[in-house]
Amino acid sequence: SMYAWEMAAALHMDLRETDQAIAAARRAIEAAPNDYRPCQELTRMLTAAGRENEVVPVWRDFVQRNPKDPNGHANLASSLMGEKKYSEAIPEIQAAARLDPKQWHYNIMLGDALGQTLHVDVGQAGLGCLKCTLHLARGQRRRRTGADQQAVDGRLDEMPAEREVV
């Protein structure tokens, strides 16, 4: 099972048997090809072994098998950003945000990638994405009592609603 292979991979890593650990992690992926967690373990091991160039292909394969999994798109985007391939990461972040619009951190990732791609201040690029995030929050917030929540609600209500979430 996936868990048995993951445990074997972890044991091999603890014993500093990197190649055997990576092979066991790949077997965990074969046992559960639709679960992103074994891919996370494998990519962590590849990174620890200094084999970062193998990380993006792991996530590309996962996304190809599971195109509707936002975690796969987000992890692929993060790996691409680690390789400074920001323009390739942007469509993956957008796909993750479309598949799971409640995850506000995708908008922050998008702001970072856009900022790096456009060579502008990341804070300024992220501001537009943050507004998108706040637009999402307007529809998702839970009512609380207290002056702090009223102040937040007032700021959200003042924002223009015509912006579309990425």
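What counts and how
Residues numbered from 1 in each chain as written. Predicted model: local features only at pLDDT ≥ 70, side-chain atom pairs only at ≥ 80, totals over all residues. Heavy atoms only, no water. Helix = DSSP H or I, 4+ residues; strand = E, 2+ residues; numbered from the N terminus. Buried < 20%, exposed > 50% of the residue type's maximum accessible area, 1.4 Å probe, protein only. Contact = heavy atoms within 4.5 Å. Areas by Shrake-Rupley, 256 points an atom, 1.4 Å probe, with all protein chains shown as cover. Phe/Tyr/Trp six-rings, centres within 6.5 Å; stacked < 30°, edge-to-face > 60°. Axes fitted to C-alpha atoms, helices over the stretch in contact; angles between N-to-C directions. Parallel < 35°, antiparallel > 145°, perpendicular 65-115°, else oblique. Left-handed = near helix turned anticlockwise from the far one by under 90°. Nonpolar A, V, L, I, M, F, W, Y, C, P; charged D, E, K, R; others polar.

1. Details of the overall build of the chain
Helix and strand counts for the chain stand at 9 helices and 0 strands. For the chain, the succession of helices and strands along the chain, N to C, is α-α-α-α-α-α-α-α-α. Taken across its 166 residues, the chain has 37% of its residues classed as buried. Taking the contacts inside the chain whose residues are at least 6 apart along the sequence as the reference set, 49% of them involve residues at least 24 apart. As displayed, the chain has an accessible area near 9900 Å², and 52% of this comes from carbon and sulfur atoms.

2. Structural notes on the packing of aromatic side chains
Under the criterion given, the structure shown has 1 aromatic pair. Seen from their ring centres, Trp59 and Phe62 are 5.9 Å apart, and the 80° between their planes marks the pair as edge-to-face. Here Phe62 and Trp59 lie together in helix H4 (residues 55-65), a separation of 3 residues that amounts to about one turn. Residue classification places Trp59 among the buried residues on the basis of a relative accessible area of 2%.

3. Focus: the packing of helix H5 (residues 70-82) against helix H6 (residues 86-99)
In the contact formed by H5 and H6, the axes pass within 8 Å of each other and the chain directions differ by 160°. Taken together, H5 and H6 sit at an angle that is classed as roughly antiparallel. Remark: the crossing between H5 and H6 carries left-handed chirality. Residue-level contacts link Pro70, His73, Ala74, Leu76, Ala77, Leu80 and Met81 of H5 to Tyr86, Glu88, Ala89, Glu92, Ile93, Ala95, Ala96 and Leu99 of H6. Residue classes in the contact of H5 with H6 are distributed as 12 nonpolar, 1 polar and 2 charged.

4. Looking at unusual backbone geometry
Positioned with a positive phi, Arg16 is a non-glycine residue whose angle comes to about 65°. Along the chain, Arg16 turns up in the loop between helix H1 (2-14) and helix H2 (18-31). Judged by its relative accessible area of 75%, Arg16 is exposed. Look at Lys84: it is not a glycine, yet its phi comes out positive at around 65°. By secondary structure assignment, the location of Lys84 is in the loop between H5 and H6. The exposed category is assigned to Lys84, whose relative accessible area is 61%.

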